[in-house]
Amino acid sequence: MNRGSFMSSIKYRVNHNPIMYDHLTKMYQVGRKVFRSYSDAKANQWQCDKCNRAFSSFKELKVHKNDNHAY
Ligand SMILES: [Zn+2]
């Protein structure tokens, strides 16, 4: 593994929230947010660490970061 992919794997972990199902409330939890449907949870599993906006895919998050938080 080269240094570039090592750094991007850290970024992956920082921005990704796993979807957890709560059997008691029958809701899906993503980070601190709770959703009724799996598709809603899925659409919010990628979160920007700079402005907390949520996205459905890593690709969308990357585009957002390039557009809004270009380094
Ligand atoms: Zn952002």
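Numbers given to residues run from 1 along each chain, matching the order in which its sequence is written. Confidence filtering applies because this is a predicted model: local features only for residues at pLDDT of at least 70, side-chain atom pairs given and counted only at 80 or more, and all residues used for totals across whole chains, interfaces and linings. With hydrogens and water stripped out, all remaining heavy atoms of the structure feed into the side-chain values.

### Section: the overall build of the protein chain
Argument step 1. What counts as a helix is a DSSP run of H or I of at least four residues, what counts as a strand is a run of E of at least two, and both are numbered from the N terminus. Regarding its fold elements, the protein chain presents three helices and five strands.
Argument step 2. Listed by position from the N terminus, the elements making up the protein chain come as α-β-β-β-α-β-β-α.
Argument step 3. Type-normalised accessible area, obtained with a 1.4 Å probe on protein chains alone, sets the label of each residue: buried when under 20%, exposed when over 50%, and partly exposed for intermediate values. Looking at the protein chain as a whole, 18% of its 71 residues are labelled buried.
Argument step 4. Should any heavy atoms of two residues lie within 4.5 Å, those residues are considered in contact. Within the protein chain, contacts between residues separated by at least 24 positions form 19% of all contacts whose residues are at least 6 apart in sequence.

### Considerations on the coordination of the zinc ion
Argument step 1. Each metal's donors are the N, O and S atoms within 2.8 Å of it, or within 3.2 Å when it is Na, K or Ca, and because water is not part of the set, sites may look incomplete. Surrounding the zinc ion are the protein donor atoms Cys48 (SG), Cys51 (SG), His64 (NE2) and His69 (NE2), which sit 2.0 to 2.3 Å from the metal.
Argument step 2. Working rule for geometry: tetrahedral if four donors all subtend angles between 85 and 135 degrees; square planar for four, octahedral for six, if opposite donors exceed 155 degrees and the others stay between 65 and 115; irregular in every other situation. What the four donor atoms of the zinc ion show is an angle range of 104 to 119 degrees at the metal, which sorts the shape as tetrahedral.
Argument step 3. Written as a sequence motif, the donor arrangement for the zinc ion is C-x2-C-x12-H-x4-H. Across this residue pair, the class does not change: His64 and His69 are buried.

### Some thoughts on the side chain of His64
Argument step 1. Tracing the backbone through its elements, the reader meets His64 in helix α3 (residues 58–68).
Argument step 2. For His64, a relative accessible area of 5% translates into the label buried.
Argument step 3. Setting aside its immediate chain neighbours within four residues, His64 contacts Cys48, Cys51, Arg53, Phe55 and His69.

### Comments concerning α3
Argument step 1. Turning to α3, its buried residues number three or more, namely Leu61, His64 and Lys65. Burial along α3 is one-sided: seen end-on, the buried residues are contained in an arc of 100 degrees. Across from the buried face of α3, at angles greater than 90 degrees, the exposed residues are Lys59, Asn66 and Asp67. An arc is given here, and it is the one of the directions from the helix axis to the C-beta atoms.

Distances and angles like these do not, on their own, reveal function.
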